[in-house]
Amino acid sequence: MRSSFHPRLINDPFADPGLFIPVSYERRALIFDLGELSNLSARDLLKVSHVFVTHTHMDHFIGFDTLLRLLLGRDKEIHIFGPSSFMEKVEAKLSAYTWNLVENYENNLSIHVIEIHRERAFEQRFESRNQFEASAKPQEHAFEGNLVSEQSFSIDAVLLDHKVDCIALALKENYSVNIVKEGLKELQLPVGPWLSEFKRAIYAQCDPDKPFRVFWKKRGEETVERYIRFGELKERIARISPGQKITYITDIIGSPENIAKAVDLASQSHHLFIEAAFLDKDREMARKKYHLTAREAGLIAAMAGVKEVCVFHFSPR
Ligand SMILES: [Zn+2]
Ligand SMILES: [Zn+2]
């Protein structure tokens, strides 16, 4: 069954870590970690709505500037999550540049920064029209493990030990909606952008008795419209199945506490992306650098019962 989320590592496993997750039924994507981003096109990066920075070691955060530069001058709202002291790191990045002309731009870039602590989270907004001065005081929320909760998916997080707090992430798709080709054929409906709206309507649990607008347009012709009862359309062309779980864990020491929390977070994932920075024979080095060994990564995957494992963030050793 195809999921709506198609995660892929941004770089090869020896280069900067990072996961790009486009959402197929929306022009939208998520990013876990902001390392080197030059392998992503501007088109990919412009889709990003939520960014999660596991911690601010350079290889996980240097891409912030690339993203900022691309988004500047556009009407865009973006959410960026990070661990303790993340707010001041983002502020430091923003204050490194001169913004005397951006307030004259017609468009506004709004950056919501969310800093995660053990039980609390702080949120602040930085906008280009205010020269990226912080909005008033940070808002404080309780944090109980969930960072994002939308109709179609949620993202949970846990703070692990990398000698600094490091965020591990799990994306859970509530359920997956697939389109049945034969159903489309029977109803003589073409594929097109209306299917994205149809999927959105399923996630929004729209009224089954309401008519749903199906529309398409051939080149040089008028737009064709048909209205079909939403419940009927759903029955004929949608197949709904359990969603996927995608977990991302990197830059943690292989301590018993970290391993227990990582296993818990990754439990029953369809995809686990996990660092395997060092080989087992270099485990002393791994301890010293607060990283996992390949053996520990494999152990976490096995104990969590994950279906597919992808290892990355290899040390050049
Ligand atoms: Zn790293
Ligand atoms: Zn690190």
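Residues numbered from 1 in each chain as written. Chains lettered and ligands numbered in written order. Predicted model: local features only at pLDDT ≥ 70, side-chain atom pairs only at ≥ 80, totals over all residues. Heavy atoms only, no water.

Student: Looking at this structure, I do not really get the coordination of the zinc ion (ligand 1). What am I missing?
Tutor: Each donor-metal-donor angle in an ideal tetrahedron of four donors is 109.5 degrees, and each such angle in an ideal octahedron of six donors is either 90 or 180 degrees. Around the zinc ion (ligand 1), the donor atoms from the protein are D59 (OD), H60 (NE2), D251 (OD) and H313 (NE2), and they sit 2.1 to 2.4 Å away. Metal-centred angles of 86 to 161° between the four donor atoms at the zinc ion (ligand 1) mark the site as irregular. Considered as a linear motif, the donors of the zinc ion (ligand 1) on their single chain read D-H-x190-D-x61-H. Here the zinc ion (ligand 1) and the zinc ion (ligand 2) are spaced 3.6 Å apart, linked through D251, which binds each one. Of this pair, D59 sits in helix 2 (residues 58-61) while D251 sits in the loop between strand 16 (245-249) and helix 8 (256-266), and the two are 192 residues apart along the sequence. Looking at D59, the relative accessible area reads 23%, which means it is partly exposed. For D251, a relative accessible area of 1% gives the class buried. (Donors = N, O, S within 2.8 Å, 3.2 Å for Na, K, Ca; no water. Tetrahedral: all angles 85-135°; square planar, octahedral: opposite > 155°, others 65-115°. Helix = DSSP H or I, 4+ residues; strand = E, 2+ residues; numbered from the N terminus. Buried < 20%, exposed > 50% of the residue type's maximum accessible area, 1.4 Å probe, protein only.)

Student: Sorry, what's going on with the sheet that holds strand 16 here?
Tutor: If you trace the six strands from one edge of the open sheet to the other, you get 9-10-11-16-17-18, paired in mixed fashion. Pairing within the sheet leaves two strands with one partner each, and these edge strands are strand 9 (146-149) and strand 18 (308-312). Neighbouring strand axes in the sheet, compared pairwise and without regard to direction, differ in orientation by 15° on average. As paired elements, strand 16 and strand 17 (residues 271-275) share four bridges and run parallel to each other. Across the sheet, the residue bridging to I246 is H271, located in strand 17. (Pairing = 2+ DSSP bridges. Axes fitted to C-alpha atoms, helices over the stretch in contact; angles between N-to-C directions.)

Student: I keep staring at the coordination of the zinc ion (ligand 2) and nothing clicks. Help me out?
Tutor: The protein atoms donating to the zinc ion (ligand 2) are H55 (NE2), H57 (ND1), H162 (NE2) and D251 (OD), with metal-donor distances spanning 2.1 to 2.3 Å. In this structure, the zinc ion (ligand 2) is surrounded by four donor atoms whose angles at the metal cover 90 to 171°, and the resulting shape is irregular. Sequence spacing of the donors to the zinc ion (ligand 2): H-x1-H-x104-H-x88-D.

Student: Honestly, the packing of aromatic side chains in this entry has me stumped. Any pointers?
Tutor: What characterises a pair of aromatic rings is the spacing of the ring centres plus the angle enclosed by the ring planes. Summed over the entire model, instances satisfying the criterion amount to 15 aromatic pairs. Relative to W99, the ring of Y97 has its centre 5.9 Å away and its plane inclined at 65°; by these criteria the two rings are edge-to-face. A relative accessible area of 41% means that Y97 is categorised as partly exposed. The aromatic ring of F61 is capped on one face by K93, whose charged end is 4.8 Å from the ring centroid. (Phe/Tyr/Trp six-rings, centres within 6.5 Å; stacked < 30°, edge-to-face > 60°. Lys NZ or Arg CZ within 6 Å of the ring centre and 35° of its normal.)

Student: Any chance you could explain the nonpolar core here in plain terms?
Tutor: Buried together is how nonpolar side chains tend to be arranged in soluble globular proteins. Judged by nonpolar contacts, the single largest core of 46 residues is most densely connected at W194, F198 and L233. Take this core: its biggest share by element is six residues, from helix 6 (residues 194-203). Leave out the neighbours within four places in its chain, and W194 touches L184, L189, F212, V214, F215, L233 and I237. The next biggest cluster of nonpolar side chains, apart from the first, holds 31 residues, and it includes F20, I31, V48 and I111. (Core = buried A, V, L, I, M, F, W, Y, C linked by side-chain atoms within 4.5 Å. Contact = heavy atoms within 4.5 Å.)

Student: What's the story with the packing of helix 3 (residues 64-71) against helix 4 (residues 86-95) in this structure? I'm lost.
Tutor: Where helix 3 meets helix 4, the closest approach of the two axes is 11 Å, and the angle between their N-to-C directions is 55°. Viewed along their axes, helix 3 and helix 4 adopt a mutual orientation that is oblique. Both helix 3 and helix 4 take part in a crossing whose hand is right-handed. The segment helix 3 lies against helix 4, with F64, D65 and L68 engaging V90, K93 and L94. Grouping the constituent residues of the contact of helix 3 with helix 4 by class yields four nonpolar, no polar and two charged. (Parallel < 35°, antiparallel > 145°, perpendicular 65-115°, else oblique. Left-handed = near helix turned anticlockwise from the far one by under 90°. Nonpolar A, V, L, I, M, F, W, Y, C, P; charged D, E, K, R; others polar.)

Purely geometric numbers; function is a separate question.
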